[in-house]
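Single-letter residue listing:
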Amino acid sequence: MTDRTAGALWGLFIGDALAMPVHWYYDRAALRRDYGEVRDYLAPRNPHPDSILWRSSYQPENPDADILHDQAQYWGRPGVHYHQFLQAGENTLNLQLVRLLLEQIAAGGAYDPDRYLQGMVGFLRTPGAHRDTYAEEWLRGFFTNRARGHDLRRCAVKEKHVGGLAGPIALLVLGHREPGLARRAAHAHLQLTHVGPLMDAALDTVADILLPVLAGDSLRATIDAILDRGRSPLLQKPLRSWDRLDDLEVIGRKLSPACYVDDAVPAVVHLARRHHADPERALVANTMAGGDNCYRGAVLGALLGAAHGLEGWPRRWRDGLRQPPPSPPAG
């Protein structure tokens, strides 16, 4: 791997792990009260004041669609943290599936969508394969469609959550020396899990930044050039006019901190542009903004890692990551 490649892959996992204990905190006063300023990996704890697990449900259509296993008992209860059993520096389920993808490529040397789908199903159908309590909507929809007899390549539901970009970004990073092929592989992977024009637009926006930066271009200059062109439907908001605003005002008042890509991607671009020279500050700011900070953080981490390389990440974050991304095969 090049240093930029390694930095981007590690950034995916670091951004997620840093934000994990305060994932989906929308009351930012409560976030600071419960955890202070999050600058290091921390373990989550109950109660989570903004948890919606009390009104979340998943009823498997048949036993083969059970992906919650012993975690199902915590759904429908108030105050339950989404990631209550994860340790400091551990990744959420979404990023654990990205690691599965990278492990397959490291072992087999090439991306194989069918092998990924079979591996994902096997992983999620195995009790105890992970300790995360929450399974996102896309996973529940996927396994519902599978239970109804859909082909695995046709189980994805229409989506708009930023967490769906993590796997495609990993493929962009690995294949960046051939940008056209990398884009096609990333979009093909996206179709396996998160379909719809909004997700396609979100991936294209991130790829337009990530690929030039991996090739050596400046992160801020690349973003400014994209803003000048004005072609991305997700970057029509006046990001430059927010330069004087506090990050918590931008992500909170100008942009929602929620999961949806139409606000989450502009939020990532704002943070990447403002903190382009300081990767640590960028991920701390993202974490303290609350909402879907894990998956914004994964995307942001990839962009900043591509710009600064592996050494751009603090040593304590690299050493504290429980399961670093595997290295792909050489060549």
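Whatever comes next refers back to the structure up there.
A short tour of the structure in this document, coming up. Keep in mind that what you see is a predicted model, and the values were worked out from it rather than measured.

Criteria and cut-off values
- Residues numbered from 1 in each chain as written.
- Predicted model: local features only at pLDDT ≥ 70, side-chain atom pairs only at ≥ 80, totals over all residues.
- Heavy atoms only, no water.
- Helix = DSSP H or I, 4+ residues; strand = E, 2+ residues; numbered from the N terminus.
- Rg over C-alpha atoms; globule rule 2.2 N^0.38 Å.
- Buried < 20%, exposed > 50% of the residue type's maximum accessible area, 1.4 Å probe, protein only.
- Contact = heavy atoms within 4.5 Å.
- Areas by Shrake-Rupley, 256 points an atom, 1.4 Å probe, with all protein chains shown as cover.
- Lys, Arg positive; Asp, Glu negative; His and termini not counted.
- Charge placed at Lys NZ, Arg CZ, Asp CG, Glu CD.
- Disulfide = S-S within 2.5 Å.
- Salt bridge = Lys/Arg side-chain N within 4 Å of Asp/Glu carboxyl O.
- Polar contact = N/O pair within 3.5 Å; in protein donor to acceptor, adjacent residues only side chain to side chain.
- 1 Å grid on protein atoms, 1.4 Å probe; cavity = no way out; pocket = protein on both sides within 12 Å on 5 of 7 lines; lining within 4 Å.
- Points joined across faces, edges and corners; volume = space filled by probe spheres on them.
- Nonpolar A, V, L, I, M, F, W, Y, C, P; charged D, E, K, R; others polar.
- Phe/Tyr/Trp six-rings, centres within 6.5 Å; stacked < 30°, edge-to-face > 60°.
- Lys NZ or Arg CZ within 6 Å of the ring centre and 35° of its normal.

With respect to the overall build of the protein
Move 1: The helix and strand tally for the protein stands at 14 helices and two strands.
Move 2: For 331 residues, the compact-globule estimate of 2.2 N^0.38 gives 20 Å, and the protein sits close to it at 18 Å.
Move 3: Projecting the C-alpha coordinates of the protein onto the three principal axes gives extents of approximately 50 × 45 × 35 Å.
Move 4: Put simply, the protein has 331 residues, and 57% of those count as buried.
Move 5: Across the protein, every contact between residues at least 6 apart in sequence was considered, and the portion connecting residues at least 24 apart equals 74%.
Move 6: In the form shown here, the protein has an accessible surface area of approximately 13000 Å², with 48% of it arising from carbon and sulfur atoms.
Move 7: Between the centroid of the 38 positive side chains of the protein and the centroid of its 38 negative side chains there is a distance of 2 Å.

Let's talk about unusual backbone geometry
Move 1: A cis amide bond, omega 0°, links N46 with the succeeding residue P47.
Move 2: For W24, which is not a glycine, the phi torsion comes out positive at approximately 60°.
Move 3: Under the relative-accessibility criterion, W24 is labelled buried at 5%.
Move 4: If you check the backbone angles, H69 has positive phi at about 50° while not being a glycine.
Move 5: Checked against the element boundaries, H69 lands in the loop between α2 (28-35) and α3 (93-108).
Move 6: Judged by its relative accessible area of 18%, H69 falls in the buried class.

Digging into the state of the cysteines
Move 1: What the rule picks out here adds up to zero disulfides.
Move 2: Distance from the sulfur of C259, which forms no disulfide, to the nearest cysteine sulfur (C294) is 11 Å.

Let's talk about the pattern of salt bridges
Move 1: Taken as a whole, this structure holds 22 salt bridges when the rule is applied.
Move 2: In this structure, the salt-bridge partner of R39 is E37, at a minimum N-O distance of 3.5 Å.
Move 3: Looking at E37, the relative accessible area reads 36%, which means it is partly exposed.
Move 4: Across the pair R274 and D247 runs a salt bridge, and its minimum N-O distance is 2.8 Å. On the criterion of sequence distance, the pair formed by R274 in helix α11 (residues 261-274) and D247 in helix α10 (residues 247-250) is long-range, its members being 27 residues apart.

Observations concerning helix α9 (residues 219-229)
Move 1: Of the residues making up α9, those classed as buried are L219, T222, I223, D224, I226 and L227.
Move 2: In this structure, the buried side of α9 is in contact with α8 (197-214), α11 and α13 (293-308).
Move 3: The N-cap residue of α9 is S218: its side-chain oxygen and the backbone nitrogen of R220 are 3.5 Å apart.

Remarks on the layout of surface pockets
Move 1: Taken as a whole, the second largest pocket holds about 240 Å³ of empty space.
Move 2: A per-class count over the lining of the second largest pocket returns eight nonpolar, one polar and three charged.

Side note on the side chain of S51
Move 1: As for its position among the elements, S51 is in the loop between α2 and α3.
Move 2: Within the structure, the side chain of S51 is placed 3.2 Å from the backbone nitrogen of L53, a separation counted as a polar contact.
Move 3: Ignoring any residue separated from it by four or fewer positions in sequence, one finds S51 in contact with G79, V80 and Y82.

Observations regarding the packing of aromatic side chains
Move 1: Summed over all chains, the structure comprises nine aromatic pairs.
Move 2: Ring geometry for Y82 and Y134: centres 5.2 Å apart, planes at 80°, overall edge-to-face. One end of the pair, Y82, is in the loop between α2 and α3; the other, Y134, is in the loop between α4 (113-125) and α5 (137-147), with 52 residues separating them in the sequence.
Move 3: Three or more aromatic residues joined by ring pairs form one cluster here, namely W24, W75, Y82, Y134 and Y295.
Move 4: Against the face of Y260 rests K160, its NZ or CZ located 4.6 Å from the ring centre.

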